[in-house]
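# Chain and residue survey
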Amino acid sequence: MLLAPETQDVAAILPLFGTKVVSAVAFKSGTLRMVFEDGTHLTRPADAAFEAWQITGPGGWRFVSLPGGDLGVWSGSAANENSQGRSAEH
């Protein structure tokens, strides 16, 4: 199901609230792909003008989809340093 962020209609993803994430991949292109324990897949591509998503992980790691399709990565030990272009892609 494709969601249109401009509509603010999040009803379609409410069933995922509280569902365990079993996999999350942030690509260099700024796309995020998540897989939930119930088998649901969620993919959010980068946006040309806005930060499409951000996610915080263990140890203070933060990943942000930057406008125009790039990935910003901050480590917990260097919260003020942007390692832009570094990816969690496997």
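So, a few notes on the structure that sits alongside this text. Worth saying up front: this structure is predicted, and the values here are computed from it rather than measured.

## A few points about the side chain of threonine 31
Examined against the element boundaries, threonine 31 turns out to sit in the loop between β1 (21-26) and β2 (32-36). Within the structure, threonine 31 has its side chain in polar contact with the side chain of serine 29 (distance 3.4 Å). With residues near it in sequence (within four places) discarded, threonine 31 still touches Val25, Ala26, Thr43, Arg44, Pro45, Ala46 and Trp53.

## Things to note about the nonpolar core
Among the nonpolar cores identified, the biggest contains 9 residues, and these are Leu16, Ala26, Leu32, Met34, Phe36, Trp53, Phe63, Leu71 and Val73. Of all the secondary-structure elements, those providing two or more residues to this core are β2 and β6 (70-74).

## Side note on the sheet that holds strand β4 (residues 54-56)
The pairing of strands in a sheet comes from backbone hydrogen bonds and takes either a parallel or an antiparallel form. Here 3 strands make up an open sheet; going across it, the order is β4-β5-β6 and the pairing antiparallel. Of all strands in the sheet, those with a lone pairing partner are β4 and β6, marking the two edges. Averaged over neighbouring strand pairs, the angle between their axes works out to 15 degrees when direction is ignored.

## Comments concerning the sheet that holds strand β3 (residues 41-44)
In spatial order, the strands read β1-β2-β3; together these 3 strands make up an open sheet with antiparallel pairing. The sheet is open, and its two borders are formed by β1 and β3, each paired with just one other strand. For this sheet the average axis-to-axis angle between neighbouring strands, irrespective of direction, equals 10 degrees. Looking at chain direction, β2 and β3 are connected through 4 bridges and run antiparallel. In the strand pairing of β3, arginine 33 is matched with threonine 43.

## Some details on the pairing of β2
In terms of burial, β2 is largely enclosed, as 4 of its 5 residues are buried. The sheet contact formed by β1 and β2 spans 5 bridges and is antiparallel. Bridge assignment links serine 23 to a residue of β2, and that residue is valine 35. Hairpin connection from β2 to β3: 4 residues lie between these consecutive antiparallel strands, with glycine 39 at a positive phi of about 95 degrees.

Reading the values: rules and limits
- Residues numbered from 1 in each chain as written.
- Predicted model: local features only at pLDDT ≥ 70, side-chain atom pairs only at ≥ 80, totals over all residues.
- Heavy atoms only, no water.
- Helix = DSSP H or I, 4+ residues; strand = E, 2+ residues; numbered from the N terminus.
- Polar contact = N/O pair within 3.5 Å; in protein donor to acceptor, adjacent residues only side chain to side chain.
- Contact = heavy atoms within 4.5 Å.
- Core = buried A, V, L, I, M, F, W, Y, C linked by side-chain atoms within 4.5 Å.
- Buried < 20%, exposed > 50% of the residue type's maximum accessible area, 1.4 Å probe, protein only.
- Pairing = 2+ DSSP bridges.
- Axes fitted to C-alpha atoms, helices over the stretch in contact; angles between N-to-C directions.

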